[in-house]
Every structure is written in structure tokens, then in C-alpha cells.
Amino acid sequence: QVQLVESGGGLVQAGGSLRLSCAASGRTFSSYAMAWFRQAPGKEREFVARVTSSGSNTFYAPSVKGRFTISRDNAANTVYLQMNSLKPEDTAVYYCAADRIYFKLSGWDYWGQGTQVTVSS
């Protein structure tokens, strides 16, 4: 069982930056791949980025590649999403997720409650 708590969301102007954090409970955090997803109003939840359990490999959605960076600190049981050059279309509730299988774009096992990111134009 993994419990996830996101933080770091807020209101930012277009072009600005935010860093999201996701703190995980449990002693097996380093066994799980981690990911970030987002859901904008009226839209389906979409994949943003994922990182392997060791942190050595990452993968991004085309819409955020080059602007967002996912990373993790296994000693701190935390995964991060650094978001730069934010655009109004990045406005969404951002969720972190955990799963033992890295190569998944959906259906992850564990989810946080989400944190709101709003980008003003």
C-alpha cells in the first residue's frame, strides 16, 4: 500500500515556473515507478511524465517535453515535477501516481488527491 500526497500547486503567470512535490508513505517507495498526470476541466485525465523506480529513466508527453522535468529522491520518498515556461493550457489538477510497472500510460495502482495548477495569461 502506498499513500501519496501532492503539494506545490498554485496560481502563476504564463511563462512562470512551479515545482510540484509528491510525498509517499511506506518503506517500498524505491520499488515503484512514479508518474504525474493532469486533468483539466471538462477533459479526461492525461499522462504527463513518468520516472523509473531508480530515477534513471524518464518519459514525457509531447505537450510538456522540454518544459517539465520529473525527478525523485528515494531517500526522501518524494517525486517532483519541475514545470517551466508554463502556458494557460497547462492549467489542471495534477496527480501523482505509483505503480510497480513503468511502461503504463494509464491504470496506475495508487493515486494522490491532486493539486491545482492555474496558469493565467
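Further up the page is the structure itself.
Summary of the structure given here. None of these values were measured; they are calculated from a predicted model.

Cut-offs and rules
- Residues numbered from 1 in each chain as written.
- Predicted model: local features only at pLDDT ≥ 70, side-chain atom pairs only at ≥ 80, totals over all residues.
- Heavy atoms only, no water.
- Helix = DSSP H or I, 4+ residues; strand = E, 2+ residues; numbered from the N terminus.
- Polar contact = N/O pair within 3.5 Å; in protein donor to acceptor, adjacent residues only side chain to side chain.
- Salt bridge = Lys/Arg side-chain N within 4 Å of Asp/Glu carboxyl O.
- Buried < 20%, exposed > 50% of the residue type's maximum accessible area, 1.4 Å probe, protein only.
- Pairing = 2+ DSSP bridges.

On the secondary structure map, K104 appears in the loop between strand 9 (92–99) and strand 10 (110–111). Within the local environment of K104, its side chain forms a polar contact with the side chain of D99, the two groups lying 2.8 Å apart.

Attention shifts here to the pattern of salt bridges. Working definition: two side chains of opposite charge can pair if their charged atoms are close together. For the structure on display, the rule yields four salt bridges. With its nearest N and O atoms 2.9 Å apart, the salt bridge here joins D90 to R38. Of this pair, D90 sits in the loop between strand 8 (78–83) and strand 9 while R38 sits in strand 4 (residues 33–39), and the two are 52 residues apart along the sequence. By relative accessible area, which is 1% here, D90 ends up buried. Residue class for R38 comes out buried when judged on its relative accessible area of 5%. Two residues, K104 and D99, come together in a salt bridge whose shortest N-O distance is 2.8 Å. An identical accessibility class is assigned to K104 and D99; each is buried. Each of R38, E46, R67 and D90 takes part in a single network of salt bridges with overlapping partners.

Moving on, we come to the pairing of strand 8. Of all six residues making up strand 8, five are buried, and the element is well covered by its neighbours. Note that strand 3 (residues 18–24) and strand 8 share six bridges and pair antiparallel. Paired with R19 across the bridge in strand 8 is Q82.

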